[in-house]
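# Observations on the three-dimensional arrangement
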Amino acid sequence: MSDGIKPLLADSICEYKEDVLIPVQEERLRTVVQEMVHSCREASTVDNVGAALIPSKDEIIRILNILQDVLFPGYFGRQELNHSTLEYHLGHEVVELFELLSAQISRSIRHECRRTDSLCVQCVNKGREEALIFCEKLPALRRALANDVRAHYDGDPAAKSLDEIVFSYPGLYAIFVYRVAHELFLRKIPLMPRIMTEHAHSLTGIDIHPGATIGTDFFIDHGTGVVIGETTDIGDRVRIYQGVTLGALSVPRGSEGGNELRGRKRHPTIQDDVTIYAQATILGGQTVIGARCIIGGNVWLTASVPPDTTVLIEAPRHVFKGENHERG
Amino acid sequence: MSDGIKPLLADSICEYKEDVLIPVQEERLRTVVQEMVHSCREASTVDNVGAALIPSKDEIIRILNILQDVLFPGYFGRQELNHSTLEYHLGHEVVELFELLSAQISRSIRHECRRTDSLCVQCVNKGREEALIFCEKLPALRRALANDVRAHYDGDPAAKSLDEIVFSYPGLYAIFVYRVAHELFLRKIPLMPRIMTEHAHSLTGIDIHPGATIGTDFFIDHGTGVVIGETTDIGDRVRIYQGVTLGALSVPRGSEGGNELRGRKRHPTIQDDVTIYAQATILGGQTVIGARCIIGGNVWLTASVPPDTTVLIEAPRHVFKGENHERG
Amino acid sequence: MSDGIKPLLADSICEYKEDVLIPVQEERLRTVVQEMVHSCREASTVDNVGAALIPSKDEIIRILNILQDVLFPGYFGRQELNHSTLEYHLGHEVVELFELLSAQISRSIRHECRRTDSLCVQCVNKGREEALIFCEKLPALRRALANDVRAHYDGDPAAKSLDEIVFSYPGLYAIFVYRVAHELFLRKIPLMPRIMTEHAHSLTGIDIHPGATIGTDFFIDHGTGVVIGETTDIGDRVRIYQGVTLGALSVPRGSEGGNELRGRKRHPTIQDDVTIYAQATILGGQTVIGARCIIGGNVWLTASVPPDTTVLIEAPRHVFKGENHERG
């Protein structure tokens, strides 16, 4: 490593050249490395050293990119597609997808199985079988997403075309990734589904847990700040705006705080044809919003609402101060 | 395709090697591909097969990156710029920009014109003319953005220098992309402007529709969750904080719900020198916030406010529980 | 440049070929370039022409990527790590990190020192020394981040494993970047710390100023829209949910509006073991939230709260309209 350290002077900064990594500095860098190595043997730190290879975030993002092209053919690829060449194109992409999925599912499973040998035939075979099962759901996913696209067009007066929605609507992207991740979540594949939805969260500001259940024709407008928790249940034709939280009630502190809630229904149920406007918050596993309800912006609910109800915040009391106004 | 499928075993997972894609699995993958091809002939699905080549998201992002360097010279490039070499650098970048813009504008137009032949001289020529018209606006855009940078410095006590703002402020990035996209929107270029602003939305959490009208010296602080709708009209020297929505009132359901609102003024008007603090919501096409108003955080407005007015939420009623407190 | 402009026809658009950049168009592009060059000599515009080379955003993001691998070994790299090869891997990465940090710190400092000659030995040497000082903090950062990971697991019932948190939780990513940037901020390195935290802001929607002071075992759930201002002071074991603002009171307008606040304590103090639920807003440099307080969702505070207090919004008054409901 000594050889690696010596010629470190960053030439790109300026023309000034001198071997400035003097022995005392070199010694300090070595000490850092040794402390870091040592800390990987401490129980209190977090690392993945000596464990099986884990899923690759980059490869999982690549899977999502191929899926976007497979599920919306002709929008995101580099070449013009026509019906005569479509089979070759889709065939090629589906095979590549299968290969990538097999590898990442195997890694996800192996990481959990944590066998000491790096060879685990069962994990590889299970990965391939699960990848096939997922691929067989592609045609159904395609139809579900087409319905989501149309729900976006119907719901947003600013939408100029279906193409604009496929190309640029963050709500559609988040729903696409959720629908893919949810299928893997249902098959109990660890790690991958959440890595997928957190990638969508990063790009869109929309945080949908892969465990949530969401019906057809789902529409999310703008979307930044939307949170949909793990055990949320959403019906068909629901519309949601930016900043809406479908969340859990408080998490108690203490050593068992989070653990005793793990696995329970903690998030609300939203029935068919409900609209929830911006920044509304609906909390709790017992909370049911009945069919066709309209929940106004900024509303805060921790109890159920019967079907066909409109809930608005009472005209908020504001204080007006100014030359032209005594009080609003 | 059979040859493509056979050697699929992911070597990278482990040393275990066997030709495990047994015929029944191969058959299942083939069925998936055929169903996907078939679904592209269904009217109910969404694809762009057999249509003209559409704009490329990657190329449009490349256009934004070059524009950032052209409009803020010396900040984002790889080399040191000095006044003697500046002309070569800017000349090179503007020519590249013109070329990329011509191609993407042509594609955007052709996609809408949807002629069956792939050769459409008018679209190509119109793309070049529009690209030129856009380039001629660069000097004015540069001055407008310099004013926005200064508005950020004056508005944020945490700002240490103008450079820090150009480099790292998400509000400035969102405004830069909006000002570019708005010029294309005014020329009625389809798809591209929205792809641009949704890219900025993804990076910043700030969702400005390219159709909005925004005056000089605009300042957005923090910005996550800001929504500025298509028909919003914003004056000069306006300041906006995170989570502010300038939005539309509710969108009625039904087949014509979204359509009957398309094109109408649905979003508010904000006059000169207004400040709108975090999480405030202002809705409706008839709502006018008069000059020099201050709108407090969390305020919710669906009606106009005269000039020089301060609007605050009434001291919110809180419930305090605890050892040291009976009630707040 | 004339030669560069002529063959511009975008071949990729279609087969149609003609030299369509007629002289009048070429002239118009030339005029644009000259105006842009001219504008770089105007005092009113913003550029970095003729100044020292400034930090590179791309290189700073590369530094963060290496740091993520060094601080969480075995999660983000391409190869399986075991204890026997760990030293080589960490040694290699720490040396690369040192080199990159030296260069970017030198650039940040030089930009501020603004000497006219491009050679400034002091800046280079200072960059190397500061890079070493930073590297020596890596073992302590590793322990601090391990505690943050565990705080996330204890706080979120949806978390399935520590690995899931390291891989995909945006709150952990934002805290990792904050802890790194804060060390550089404490050493008064300009520009870099803010470029780092704004990169995390872009990926996570969580905006933590590098100047904030944050204790151990910090947990941010979901995170989109969180804002933590420059002079915020946060104790140990604090939990924060999406949309929480720890901000400043209003910034007065006028030429000295922002300037007179620069450097003062403008943001709140949050003591140990406080929980702050979604969308709560706490403002002002004098505001102190006492130890073990629970601040409910949507609460809006501009005054201090004693220890062990729970603050909730009063059951909000809603208007219920519907077939099954007279009034809620």
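Residues numbered from 1 in each chain as written. Chains lettered and ligands numbered in written order. Predicted model: local features only at pLDDT ≥ 70, side-chain atom pairs only at ≥ 80, totals over all residues. Heavy atoms only, no water.

A few words on the overall build of chain A. Helix and strand content of chain A: 9 helices and 15 strands. The burial tally for chain A puts 61% of its 328 residues in the buried class. Restricting the contact set of chain A to residue pairs at least 6 apart, pairs at least 24 apart contribute 46%. Element-wise, carbon and sulfur atoms account for 51% of the exposed surface of chain A, whose accessible area totals about 12300 Å². (Helix = DSSP H or I, 4+ residues; strand = E, 2+ residues; numbered from the N terminus. Buried < 20%, exposed > 50% of the residue type's maximum accessible area, 1.4 Å probe, protein only. Contact = heavy atoms within 4.5 Å. Areas by Shrake-Rupley, 256 points an atom, 1.4 Å probe, with all protein chains shown as cover.)

Another point: the relation of the copies chain B and chain A. Note on the copies: chain B fits chain A at an RMSD of 0.0 Å, the axial shift is 0.0 Å, and the rotation between them is 120°. On this basis, the relationship between the two copies can be described by a three-fold rotation axis. When the interface residues of chain B are mapped onto chain A, a mere 6% of them are again interface residues, pointing to distinct binding faces. (Least-squares fit on C-alpha atoms with pLDDT ≥ 70 in both.)

What follows deals with the sheet that holds strand β5 (residues 233-234) of chain B. Residue and element names in this part refer to chain B. Read from one edge to the other, the open sheet built from 4 strands follows the order β2-β5-β8-β11, with strand pairing classed as parallel. The two strands at the open ends of the sheet, each matched to only one other strand, are β2 (213-214) and β11 (288-289). Across 2 bridges, β5 lies against strand β8 (residues 269-270) in parallel orientation. Bridge pairing in β8 places Ile234 opposite Ile270. (Pairing = 2+ DSSP bridges.)

So, about the interface of chain B and chain C. It is common to report an interface's size as the accessible area lost on association of the parts. The interface of chain B with chain C comprises 86 residues on the first partner and 81 residues on the second. Where chain B abuts chain C, roughly 7500 Å² becomes buried across the two surfaces, and 58% of that area is made up of carbon and sulfur atoms. Linking chain B to chain C there are 5 salt bridges. A salt bridge links Arg28 of chain C to Glu136 of chain B, with the shortest nitrogen-to-oxygen separation between them at 2.7 Å. Counting the contacts that link chain B with chain C gives 15 residue pairs in polar contact (both at pLDDT 80 or more). Per-element tally for the side of chain B that touches chain C: the top contributor is helix α4 (residues 86-113) of chain B, with 12 residues. Here the side of chain B that touches chain C is composed, by residue class, of 39 nonpolar, 24 polar and 23 charged. The pairing of strand β15 (residues 318-322) of chain B with strand β14 (residues 309-313) of chain C spans 5 bridges and is antiparallel. Across the sheet, residue Phe320 of chain B finds its bridge partner in β14 of chain C, namely Val311 of chain C. (Buried area = accessible area lost by both parts, 1.4 Å probe. Salt bridge = Lys/Arg side-chain N within 4 Å of Asp/Glu carboxyl O. Polar contact = N/O pair within 3.5 Å; in protein donor to acceptor, adjacent residues only side chain to side chain. Nonpolar A, V, L, I, M, F, W, Y, C, P; charged D, E, K, R; others polar.)

All right, on to the packing of helix α2 (residues 23-39) of chain A against helix α5 (residues 121-135) of chain C then. Following both chains from N to C, one finds α2 of chain A and α5 of chain C inclined at 25°, their axes separated by 9 Å at the closest point. It follows from the interaxial angle that α2 of chain A and α5 of chain C lie roughly parallel. When the axes of α2 of chain A and α5 of chain C are compared, the crossing they make is left-handed. Taken together, the residues of α5 of chain C that come into contact with α2 of chain A (itself represented by Gln25, Arg28, Leu29 and Val32 of chain A) are Glu129, Leu132, Ile133 and Cys135 of chain C. Taken together, the residues of the contact of α2 of chain A with α5 of chain C sort by class into 5 nonpolar, 1 polar and 2 charged. (Axes fitted to C-alpha atoms, helices over the stretch in contact; angles between N-to-C directions. Parallel < 35°, antiparallel > 145°, perpendicular 65-115°, else oblique. Left-handed = near helix turned anticlockwise from the far one by under 90°.)

This part is about the relation of the copies chain B and chain C. Superposition of chain B onto chain C requires a rotation of 120° combined with a translation of 0.0 Å along the rotation axis, giving an RMSD of 0.0 Å. Mapped onto chain C, only 6% of the interface residues of chain B are again interface residues, and the two copies thus contact each other with different surfaces.

To continue, consider the environment of Ser44 of chain A. Residue placement: Ser44 of chain A occurs in the loop between α2 and α3 (57-71). When sequence neighbours within four positions are dropped, the list of residues in contact with Ser44 of chain A reads Ala146 and Arg150 of chain C.

The next point concerns the domain arrangement of chain A. Residue and element names in this part refer to chain A. What the domain assignment reports for chain A is domain 1 (50-205) and domain 2 (212-251 + 263-315). The centre of domain 1, based on its C-alpha atoms, is set 26 Å off from the matching centre of domain 2. The interface of domain 1 with domain 2 comprises 16 residues on the first partner and 18 residues on the second. Between domain 1 and domain 2, the buried area comes to about 1200 Å², and carbon and sulfur atoms account for 50% of it. Inspection of the region where domain 1 meets domain 2 yields 0 salt bridges. Of all elements in the fold, only α6 (138-155) and α8 (170-186) reach the threshold of two or more residues within the side of domain 1 that touches domain 2. With 7 residues, the single largest contributor to the side of domain 1 that touches domain 2 is α8. (Domains from an automatic or database assignment.)

With that out of the way, let us pick up the environment of Cys40 of chain A. Secondary-structure assignment places Cys40 of chain A in the loop between α2 and α3. Taking C-alpha positions, Cys40 of chain A is 42 Å from Leu138 of chain A, a pair spaced 98 residues apart along the chain. Not counting the four nearest positions on each side in its chain, Cys40 of chain A is found in contact with Thr45, Asp47 and Val49 of chain A together with Pro73, His83, Leu86 and Arg142 of chain C.

Our next topic: the interface of chain B and chain A. At the interface, 81 residues of chain B touch 87 residues of chain A. Together, the buried faces of chain B and chain A total about 7400 Å²; carbon and sulfur atoms form 58% of this surface. One can count 5 salt bridges joining chain B with chain A. The salt bridge partner of Glu129 of chain A is Arg28 of chain B, with a shortest N-O separation of 3.4 Å.

So, on to the sheet that holds strand β8 (residues 269-270) of chain C. All names here are of chain C. Taken together, the 4 strands give an open sheet; going across it, the order is β2-β5-β8-β11, and neighbouring strands pair in parallel fashion. With one partner strand each, in any of the chains shown, β2 (213-214) and β11 (288-289) form the two edges of the open sheet. When β8 meets β11, the two strands line up parallel, connected through 2 bridges. What sits directly across from Ile270, in β11, is Ile289.

The subject of this paragraph is the pattern of salt bridges. Tallying each qualifying case throughout the model produces 42 salt bridges over all chains. In this structure, the salt-bridge partner of Glu183 of chain A is Lys137 of chain A, at a minimum N-O distance of 3.3 Å. Highlighted residues: Glu183 of chain A in helix α8 and Lys137 of chain A in the loop between α5 (121-135) and α6, separated in sequence by 46 residues. You can call Glu183 of chain A buried: its relative accessible area is 18%. Salt bridges here are not isolated pairs; linked through shared partners, they connect Arg28 of chain A together with Glu129 and Glu136 of chain C.

Glancing now at unusual backbone geometry. Of note in the backbone geometry, Asp273 of chain B takes a positive phi value of approximately 65° without being a glycine. Checked against the element boundaries, Asp273 of chain B lands in the loop between β8 and β9 (275-276). With phi around 60°, Lys188 of chain C is a residue other than glycine that occupies positive phi space. Assignment of secondary structure puts Lys188 of chain C in the loop between α8 (170-186) and α9 (192-204).

We now examine the pairing of strand β14 (residues 309-313) of chain A. Bridging between strand β12 (residues 294-295) of chain A and β14 of chain A involves 2 bridges; their strand directions are parallel. Across the sheet, residue Ile295 of chain A finds its bridge partner in β14 of chain A, namely Val311 of chain A.

Ranked by size, the top nonpolar core spans 258 residues in total, and within it Leu138 of chain A, Leu138 of chain B together with Leu138 of chain C carry the most contacts. Excluding residues within four positions of it along the chain, Leu138 of chain A makes contact with Leu67, Val70, Leu71, Val94 and Leu97 of chain A together with Val32 and Met36 of chain B. (Core = buried A, V, L, I, M, F, W, Y, C linked by side-chain atoms within 4.5 Å.)

Right, let's get into the packing of aromatic side chains. For the coordinates displayed, the defined rule picks out 21 aromatic pairs over all chains. Taking 6.4 Å as the distance between ring centres and 50° as the angle between the ring planes, the aromatic pair formed by Tyr75 of chain A and Phe76 of chain A counts as tilted. According to the relative accessible area criterion, Phe76 of chain A is partly exposed, its value standing at 23%. Residues Tyr173 of chain B and Phe176 of chain B carry aromatic rings whose centres are separated by 5.6 Å and whose planes lie at 65° to one another, so their mutual orientation is edge-to-face. Remark: Phe176 of chain B and Tyr173 of chain B occur in helix α8 (residues 170-186); sequence separation between them is 3 residues, near one turn of the helix. Summarising the burial analysis for this pair, Tyr173 of chain B and Phe176 of chain B share the class buried. (Phe/Tyr/Trp six-rings, centres within 6.5 Å; stacked < 30°, edge-to-face > 60°.)

Residue and element names in this part refer to chain A. Averaged over all residues, the pLDDT of chain A equals 86, while 85% of them reach at least 70. pLDDT under 50 marks residues 1-19. Its contacts with residues more than four places away, or in other chains, come to 38 contacts. Here the predicted complex scores 0.90 on pTM and 0.88 on ipTM. (pLDDT = per-residue confidence, 0-100.)

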